[in-house]
Structures are given as structure tokens and as C-alpha cells.
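Each chain is listed here by its residues.
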Amino acid sequence: MTLRAYKYALNPTPRQARYLDGHCGAARKAFNWGLGRVKAVLDQRAAEATYGIPAEMLTPAISWSMYSLRKTWNQAKVTVAPWWAEYSKETFASGLNQLATALKNWRDSRTGKRAGRVMGFPRFKSKRKTVKSCRFTTGGIRCEERYAVLPRIGRVRLHEAPASELLDGTVRIMAATIRLERGRWFVSFTVEQHTPARTPKRPDAVAGVDLGIKSLAVLAEPGRALAPIPNPKYLDASLRKLGKLSRRVSRRVGPDRHTGQVPSNRWKRANAQRNRVHHRIAYQRADALHKLTTRVAHEYGTVVVEDLNVAGMLKNRRLARRIGDAGFGEIRRQLAYKTEWNGGRLVVADRWFPSSKTCSGCGVVKAKLLLSERVYRCESCGLVMDRDENAARNLVALVVAASGAETLNGRGADQKTRPAGQVAMKRQPGSPVHETGTALPEAVSV
């Protein structure tokens, strides 16, 4: 059995939209209440310790588990939230569960149990900035013809017809998550589903994928490179329109929370027009990336990509906008679970593997290669080739050369950013790649 998610846009009535917003607000209320209680105890114990009070005489610590937080909430909800009965109990459990997870991640990060960047202490959720979301795990959760049935909310119309699996009862719905994204409400059904084994069209084929800005991706197979996939650059195409709408918004009377100024209706209309352009860009980008990754995952049995430091690349102020518009991290995330769904594998080259500096003909590595040099010229064998095509060929050769190894792996730092569902194999000394495959039968990438 595999865990998957089906995401659909909702078309709620104005009353249902307010009710959806209220459920997300209730989850935020429970989160902030629990965080305030935990923070008060921690601050009190820290203050008492500065007075020289022995550890056994400090204010008793409280448990951060979901069970303890929910038990305490049920005892205090009548006072904290007198309106609690208007919403589903799952909304408050959703907020407390997020708090318990955040506190656990913070504690594990401080003690070294959690890999990756250091996690900060949870912060209170703002009504203005927090993404509105809520998760239901119990109650009447099901999917009807063009309708989603949610606890206490009832039947909410879907923007499109749901998948047949959600209607014929062949899947088990584990949870439903509502979320406000880009001005629209969405619902995601997490289901437990039996999926038959799939095989790519070319199980033995290997493809190296080199991502870039000029060309979104350059694919190469052993011995040859395919036509580069152009970068659509949806953001660049809409910058002129966004600038015009942004200037229009700046001329209107906008909100000011410091003075309590309320935005004018003209500002709201102008801001909505600008937001629609941003939303359209995001939808166009998501559609292009899904089409690219789906085609690659369906075609090849082995896909090789680089472990790009996207967070570091975004610090380059000259390229940050174009790198963010390309969506390098999203391409790798989608390839991780789509190759697994289709019976293939994803191989991630080491972050320090010189794919662009290495000659794909003779293997000589250049000491330095400027970003402005778009054509690779080898001084040893005289090879002249497009820079991205050369890198893609090196990625393919990397896997072909290491195909005899039983297991492959990369540097440990890459494990910090491994997407969900990606399986890391045992490390081989000196191996510059690590492999992902179908070793785990229950993939949770959605």
C-alpha cells in the first residue's frame, strides 16, 4: 500500500468560505495558546535558574507531546475559546499537532538528533502572514460526485470532477487538508492506495539532466545529447505588466497597521489585479515543471541530476530572480517521487562533482570555468561543446561508470535536503553519487 494525495480546488459559497477561514483560525488559536503555555514555563524555569534555585525546586516542566497538549486544551478550551463548539475538534488537534512537531524538531535540532540547518524555537502565528490551513483525520471525510464532504463544513463543491479512485471506494481516505493558496481554497485527500508495479518505457535507458537558466534542462543519453528544453521564463514575460500594476497599487490608499488606516476599495481592486498576475505565473510554472518531470520519469529507467545548492544560489542578487523562476528545487523534488512511482530510480550526483568543468571526451578537469563561458573548450583534446550539454553527458557517464557498484551514495550533507520518499543507499568509499529507488514500498511523496 502507498500513501498518496489528491489535491483539488474548491468552489465554496461565501458562507462556506467564512467557515473554512474560521476553522483555520481555530487551529491557529490552539497553536498560539499551546506555544504561549510552553514558553511561559520555559521562561519561568530559566529565570528561576538565574536566582540559584536548585533544579529539583524549579517550576515543574510540562510535556510537549500531542496527547498532553490536547488533554490540557480540553480542560481550558471553555475559558480560552468559548466558541470552540462552532468548529470541528480536529481543527484544534491540527494546530496542537503542528506545535508538538515544531517543538520536537527544535529540541532534536539542538541535541543533534535532527540533521540539517538549526531549527529555531517556534514563533506565534500571525493572522495576517500565516498560511491558512487545517487538517482533518476523523469524521465524515469522503468524496462525492463533484463534492468534498468535510466534518462540520459539509458538502463543498469541487472545481473539477474527482478521480474515480475516490468515488468507487478502492482507496482509503486517511486525512483531508484544507488550505488557502493564491486566493483560492484547496483540499488535499491523503489516501492509502494499492498501486500496481509500473515500468518506464525504456527501463535500461539512462538520462542525465543538467538544469540551467538559459535552457531549463539539457538531457543527455550515453553518447548523445537531446535537444535542450527552453526556459519559458514566465516571470520575465510578465514583469512589464507587474510593474504597471504595482505602480497603480502604490498610488492608492493602502493599509497601515501602525496607524490603523483601512485600505480603500480602489486599492483592494488594484491589489487583486496584481495578485492575479502573480497567481497565473505560478500556475504556468507548475504546469511546465510537471509536464517536464512526468515525461522524463515515464521515459527513462535511470535519471541523473545534480545536488544543487539552490539556497546558496539564490543569494546571488544578479541571478536570484531567474533561478527562483526556474524552480530547480521543485524539479528535483518531483523527479524523486515520479521516478519511484514509475519503477525507475533517481541518482543524485555529489554537490562538488565538477560536471561543468570536466571534459566529456577525455575527462580532463579545468581548474576554473567562468559562468560567462557558455561554450566548453578542452585544451587537451580540443573538444568544443555547449557547456550544459557537456555537463549532462558527464552526469550520464558518472552512472554508467559506477553501474557495477552494488550500492551508491553521496556526501552526508545531501541527506539534509533529501525529498520525502527518496531512499539513500549505503555509501561506497569514493563514490560521487547516491541513488534513490524503490527500496521502500510505502512512498509518502505527494
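Residues numbered from 1 in each chain as written. Predicted model: local features only at pLDDT ≥ 70, side-chain atom pairs only at ≥ 80, totals over all residues. Heavy atoms only, no water.

(A) How the structure looks around the pairing of strand β9 (residues 215–221). The buried fraction of β9 is high, at seven of seven residues. Of the pairings in the sheet, the one linking strand β8 (residues 202–211) to β9 comprises four bridges and is antiparallel in character. Paired with Asp210 across the bridge in β9 is Val218. Taking the residues between adjacent antiparallel strands as the criterion, β8 and β9 are bridged by three residues. Relative to strand β11 (residues 229–230), β9 runs antiparallel, the two sharing two bridges. Looking at the pairing, Ser215 lines up with Pro230 of β11. Where β9 and strand β10 (residues 224–225) come together, two bridges link them in antiparallel fashion. (Buried < 20%, exposed > 50% of the residue type's maximum accessible area, 1.4 Å probe, protein only. Helix = DSSP H or I, 4+ residues; strand = E, 2+ residues; numbered from the N terminus. Pairing = 2+ DSSP bridges.)

(B) Broad picture of the environment of Arg198. Note that Arg198 resides in the loop between β7 (184–193) and β8. For Arg198, a relative accessible area of 42% puts it in the partly exposed group. The spacing of Arg198 and His298 is 100 residues in sequence and 9.4 Å in space, taken between C-alpha atoms. For Arg198, the residues in contact, after removing those within four places along its chain, are Arg4, Trp341, Asn342 and Gly343. (Contact = heavy atoms within 4.5 Å.)

(C) View of the packing of aromatic side chains. For the structure shown, the criterion picks out eight aromatic pairs. With 5.6 Å between their ring centres and 35° between their planes, Tyr19 and Tyr87 make a pair best called tilted. Separated by 68 residues along the polypeptide, Tyr19 in helix α1 (residues 14–50) and Tyr87 in the loop between α2 (66–80) and α3 (89–111) bring together distant segments of the chain. Comparing Tyr19 with Tyr87 shows no difference in burial state: the two are buried. Between Trp64 and Trp106, the ring centres sit 5.8 Å apart and the planes meet at 45°, which makes this aromatic pair tilted. Highlighted residues: Trp64 in the loop between α1 and α2 and Trp106 in helix α3, separated in sequence by 42 residues. (Phe/Tyr/Trp six-rings, centres within 6.5 Å; stacked < 30°, edge-to-face > 60°.)

(D) Looking closely at the sheet that holds strand β4 (residues 147–150). The sheet built from three strands is open, its strands ordered β3-β4-β5 with antiparallel pairing. Each of the sheet's edge strands pairs with one partner strand only, and the pair in question is β3 (142–144) and β5 (154–157). Neighbouring strand axes in the sheet, compared pairwise and without regard to direction, differ in orientation by 30° on average. Bridge count between β3 and β4: three bridges; the pairing is antiparallel. Bridge assignment links Cys143 to a residue of β4, and that residue is Ala148. (Axes fitted to C-alpha atoms, helices over the stretch in contact; angles between N-to-C directions.)

(E) Representation of the confidence of the model for the chain. For the chain, the average pLDDT comes to 87, and 90% of its residues sit at 70 or higher. Across the chain, the element-wise mean pLDDT spans from 53 in strand β16 (residues 433–436) up to 96 in helix α5 (residues 234–250). Contacts for the low-pLDDT stretch residues 404–431, under 50 throughout, to residues beyond four places or in other chains number 61 contacts. For the stretch residues 437–446, pLDDT sits under 50, and the model shows 29 contacts to residues farther than four places along the chain or on other chains. (pLDDT = per-residue confidence, 0-100.)

(F) How the structure looks around α3. Its 23 residues place the ends of α3 33 Å apart at the C-alpha level, agreeing with the 33 Å of an ideal helix rising 1.5 Å per residue. Backbone geometry just after α3 places Gly112 at a positive phi near 85°. (Expected span 1.5 Å × (residues − 1).)

(G) The arrangement of the side chain of Gln334 in detail. With respect to the helices and strands, the residue Gln334 is situated in helix α9 (residues 328–341). Beyond its immediate sequence surroundings of up to four residues, Gln334 is in contact with Leu289, His290 and Thr293.

(H) Up close: α2. For α2, with 15 residues, the first-to-last C-alpha span of 18 Å runs short of the 21 Å given by 1.5 Å per residue. Helix geometry: α2 is bent most strongly at Asn74, by close to 45°. For α2, the full list of buried residues reads Leu69, Thr72, Trp73 and Lys77. Here the buried face of α2 lies against α1 and α3. (Bend = angle between axes of the 7 residues up to and from the residue.)

(I) Structural view of the side chain of Thr177. Mapped onto the elements, Thr177 comes out in strand β6 (residues 172–181). A distance of 3.4 Å separates polar atoms of two side chains, one belonging to Thr177 and the other to Arg135. Setting aside its immediate chain neighbours within four residues, Thr177 contacts Cys134, Arg135, Phe186, Val187 and Ser188. (Polar contact = N/O pair within 3.5 Å; in protein donor to acceptor, adjacent residues only side chain to side chain.)

(J) Highlighting the state of the cysteines. The full count for this structure, using the stated rule, is zero disulfides. Unpaired in this structure, Cys24 has its nearest cysteine sulfur neighbour in Cys134, at a distance of 5.7 Å. (Disulfide = S-S within 2.5 Å.)

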